[in-house]
Amino acid sequence: MASVSRLAKRKDAGRWPRMSSTFWAVVLLTALLLLYCGQLAAGTCEIVTLDRDSSQPRRTIARQTARCACKKGQIAGTTRARPACVDAGIVRKKQWCEMVPCLEDEGCDLLVNKSGWTCTQPGGRVKTTTAL
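Residues numbered from 1 in each chain as written. Predicted model: local features only at pLDDT ≥ 70, side-chain atom pairs only at ≥ 80, totals over all residues. Heavy atoms only, no water.

The name that an unreviewed UniProt entry assigns to the chain is Chemokine-like protein TAFA-5a isoform X1, with the source organism given as Betta splendens. Looking at the Sequence similarities (unreviewed entry) heading of the UniProt record, one finds this comment for the chain: "Belongs to the TAFA family." (UniProt positions renumbered as here; feature names shortened; annotations may be inferred.)

1. A short note on unusual backbone geometry
For Lys94, which is not glycine, the phi torsion reads 60° and is therefore positive. Mapped onto the fold, Lys94 is located in the loop between helix 3 (88-93) and strand 5 (107-110). According to the relative accessible area criterion, Lys94 is partly exposed, its value standing at 39%. One non-glycine residue, Val100, adopts positive backbone phi at about 55°. Since its relative accessible area comes to 34%, Val100 is described here as partly exposed. (Helix = DSSP H or I, 4+ residues; strand = E, 2+ residues; numbered from the N terminus. Buried < 20%, exposed > 50% of the residue type's maximum accessible area, 1.4 Å probe, protein only.)

2. Brief notes about the pattern of salt bridges
Within this structure, the stated rule accounts for two salt bridges. Residues Glu106 and Lys127 are paired through a salt bridge, measuring 3.0 Å at the closest nitrogen-oxygen approach. Here Lys127 lies in strand 7 (residues 126-130) and Glu106 lies in the loop between helix 3 and strand 5, a separation of 21 residues in the sequence. A relative accessible area of 10% means that Glu106 is categorised as buried. Residue classification places Lys127 among the partly exposed residues on the basis of a relative accessible area of 27%. (Salt bridge = Lys/Arg side-chain N within 4 Å of Asp/Glu carboxyl O.)

3. Observations regarding the state of the cysteines
This structure, assessed with the given rule, holds four disulfides. At a sulfur-sulfur separation of 2.1 Å, the disulfide partner of Cys45 is Cys68. The S-S bond linking Cys45 to Cys68 shows a torsion near 115°; that makes this disulfide right-handed. Taken together, the residues span a long stretch of sequence, with Cys45 in strand 1 (residues 44-53) and Cys68 in strand 2 (residues 61-69) at a distance of 23 residues. (Disulfide = S-S within 2.5 Å.)

4. Notes on the pairing of strand 7
Both faces of the sheet carry side chains from a regular strand, because those side chains alternate between them. Note: strand 6 (residues 116-120) against strand 7, five bridges, orientation antiparallel. Across the sheet, residue Thr118 finds its bridge partner in strand 7, namely Thr128. Connecting strand 6 to the next strand, strand 7, in antiparallel fashion are five residues, including Gly124 with a positive phi near 100°. (Pairing = 2+ DSSP bridges.)

Structural data, given as structure tokens:
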């Protein structure tokens with residue numbers, strides 16, 4: 001009971017102010033607006049996870065997961081080494097280089113089994129990407 005009497009003596013101690021129903025409605029609407037703003041705009045992508053494994057010498061394995069909100073007829077892909085919405089026909093035909101996945105100064109080549117592509121830099125460094 002000592003703690004109760006100590007609180008009663010404090011000048012700033014008091015009851016929680018009563019909040020009107022309008023206040024709680026505004027709080028709820030604000031929370032819903034913040035939740036809605038977390039949605040992606042149509043035709044855009046964002047990277048959700050990015051894992052790198054450099055345990056092997058001269059080799060880095062990177063795994064990336066992207067979240068995309070693509071328009072009708074589009075699917076998640078890669079353009080200029082960034083996640084992007086691309087024409088679904090490119091993915092269906094596995095003509096990966098048509099979505100321009102490499103940077104401007106890199107050359108794109110399909111893997112023999114069409115499971116992905118390679119981006120070759122002018123210095124000879126090769127980046128290989130396989131689609132899941």
